[in-house]
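Descriptive analysis of the structure
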Amino acid sequence: MDKEAFVFSQDFSITDSSSCSHGRYVDHIDDPVSFSYSLFFKRYLLPNRPCVFSAKFTNDWGSRKRWVTQDGRPNFDHLLKKFGKTIVPVANCDVKEYNSNPKERIPLAEYICYWREYIQNNYCSSKGCLYLKDWHMYREFPEQDDYKTPVFFTSDWLNEYWDAIAVDDYRFVYMGPKGSWTPFHADVFRSYSWSANVCGRKKWLLFPPGQEEYLRDCNGNLPYDVTSPDLQDSSIYPSFRQSVQPIEVIQEDGEMIFVPSGWHHQVYNLEDTISINHNWVNGCNVSIMWHFLQVELEAVEQEIIEWKETMDDWHLHCQIIMKSCTGIDYKEFYTFLKTIAENRIQVLQNPLKNKGEAFPLISSEPASSNLGPYHAVFDLQRVVDVIAALLTNLDFRKLGIESFSPPPAELLNHLKGVLSSVK
Ligand SMILES: O=C(O)CCC(=O)C(=O)O
Ligand SMILES: [Fe+2]
């Protein structure tokens, strides 16, 4: 990040840039040579606006050569040879289970065999339309040279933290035939996602944050399929008429889409398609994640409110339920913030290693520290803001935070001291 982008961030307020005032056009970024991290940060990350990167940004990926045949179709033989024995998650797009699809785990070889037959049978099968999704390819094959995270998406606290504790990651491969699709949703923790088509094309229906409120049914539930004619029925979806039409994006072969934080979306594969996507959080959307966690906890609390007076450790139980439903609780969120802060302090203590934008366009992982000292200061400021918010939150304060290591108030003071020493 350069100094100008940092200065820009200091005066930036998300309300300056509501999604409506920017219209419904999604920018297309063509030229990797003239597009910098700082431009992405100012134009898309901070304002939380979508954009599409041209195929030039992924042309050098190994996957775009090896996973694809000369005529641009999935290279089944290569995928079989390289990954055939791997067990992968597969969803059935024809079966609705709550607001998602049931998943099973099968060897990739079995999925490819299904996919080949499905094509031969004119995209029809008694097994339904199966979609291989959320496969942690990177976790299983960390040494791969099939892709590198583009620098724009490398300020990624989520994967930086989960890599550090070696528990999970949010890096995925999706593969599915024409007609496979992903139902209406917003991403885990209200993270960003980026998604690149290794081959094939997708149609995205994007809804700016807040629009989902008009799409709730009379019980407050969100739809499974936003294109369903049921939404026209005002006795089921009373506010649907107030919603705006989604922003439609056709993502071509090789292109990458940036999906902003908290934007609900529904996605279709228009052809046989393979994509790579990551979910990620950083200083620009961590406050959106914190807001999401508070809403989640509130929902858990409402569910078990009747036990509040009779259980001594009711608040701790709410945290346990929240962790099992969303994947994180308040204590771990604090540890997440602490880990990022420690890493950024290290960057500031080794300034020679980190020279701002003096890095290759496609950087190696983990790379957030490559974004330089301005970025480290920006991240620390955002951690400080969120820890300060945690400290004013009554549910957080009830968790015995004095025994956290270090206690949050102590860490906050330390981080403020570091920030004032670098300014
Ligand atoms: O490609 C898909 O089917 C869904 C991808 C998605 O929801 C995402 O990248 O956030
Ligand atoms: Fe998504």
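First, a word on what this report is: a plain description of the structure on this page.

Thresholds applied
- Residues numbered from 1 in each chain as written.
- Chains lettered and ligands numbered in written order.
- Predicted model: local features only at pLDDT ≥ 70, side-chain atom pairs only at ≥ 80, totals over all residues.
- Near = placed C-beta within 6 Å.
- Helix = DSSP H or I, 4+ residues; strand = E, 2+ residues; numbered from the N terminus.
- Nonpolar A, V, L, I, M, F, W, Y, C, P; charged D, E, K, R; others polar.
- Contact = placed C-beta atoms within 7 Å.
- Buried ≥ 20, exposed ≤ 12 C-beta atoms within 10 Å, placed from the backbone.
- Pairing = 2+ DSSP bridges.
- Arc of directions from axis to C-beta.
- Axes fitted to C-alpha atoms, helices over the stretch in contact; angles between N-to-C directions.

Here we look at the site of ligand 1
Surveying the vicinity of ligand 1 reveals the residues Tyr174, Thr182, Asp187, Ser193, Ser195, Lys202, Val259, His265, Val267, Ser275 and Asn277. If you list the elements that add at least two residues to the shell around ligand 1, you get strand E8 (192–199), strand E12 (264–269) and strand E13 (273–280). Residues belonging to the shell around ligand 1 are distributed by class as follows: three nonpolar, six polar and two charged.

Some details on the environment of His315
Structurally, His315 is set in helix H9 (residues 314–326). For His315 and Ala109, which are 206 residues apart along the polypeptide, the C-alpha to C-alpha distance reads 46 Å. Leave out the neighbours within four places in its chain, and His315 touches Asp395, Lys398 and Leu399.

Here we look at the pairing of E13
Of all the eight residues making up E13, eight are buried; the element is thus mostly covered by neighbouring parts of the structure. On E13, burial covers both faces: Thr273, Ser275, Asn277 and Asn279 on one face and Ile274, Ile276, His278 and Trp280 on the other are all buried. For strand E6 (residues 171–176) and E13, the ladder comprises six bridges, and the chain directions are antiparallel. Its bridge partner lying in E13, Arg171 is registered against His278.

Focus: helix H2 (residues 37–45)
Buried within H2 we find Tyr37, Ser38, Phe40, Phe41 and Leu45. Summarising the axial view, the buried residues of H2 lie within an arc of 160°, below the 170-degree limit, and thus occupy one face. On the buried face of H2, the contacting elements are helix H1 (3–11).

Some remarks on the environment of Pro102
With respect to the helices, strands and loops of the structure, Pro102 is situated in the loop between strand E3 (87–92) and strand E4 (103–107). Excluding its chain neighbours within four sequence positions, the residues that come into contact with Pro102 are Ala91, Asn92, Val95 and Glu97.

Observations regarding the environment of Tyr170
As for its placement among the helices and strands, Tyr170 is situated in the loop between helix H7 (157–164) and E6. Sequence-wise, Tyr170 and Asn277 are 107 residues apart; in three dimensions their C-alpha atoms are separated by 8.4 Å. In contact with Tyr170, other than residues within four places in its own chain, are Leu158, Asn159, Trp162, Val188, His278, Asn279 and Trp280.

Things to note about the sheet that holds E3
Strand pairs in the sheet, formed through backbone hydrogen bonds, run parallel or antiparallel to each other. If you walk across this open sheet you meet the nine strands as E1-E2-E11-E8-E13-E6-E5-E3-E4, and the pairing is mixed. Of all the strands in the sheet, just strand E1 (27–29) and E4 have a single pairing partner and so form its edges. Each neighbouring strand pair of the sheet contributes to a mean axis angle of 25°, computed without reference to strand direction. Across two bridges, the pairing between strand E5 (residues 130–135) and E6 is antiparallel. By the bridge assignment for E6, Trp135 is matched with Val173. Across the face of the sheet, helix H5 (residues 108–120) comes into contact with E3, E4 and E5 while running at roughly 100° to E4.

Regarding the sheet that holds strand E7 (residues 181–185)
Taken in spatial order, the four strands of this open sheet run E7-E12-E9-E10, and their pairing is antiparallel. The sheet is open, and its two borders are formed by E7 and strand E10 (247–251), each paired with just one other strand. Averaged over neighbouring strand pairs, the angle between their axes works out to 15° when direction is ignored. Two elements, E7 and E12, share three bridges in a ladder whose sense is antiparallel. Each residue of the ladder has a partner; that of Trp181, found in E12, is Tyr268.

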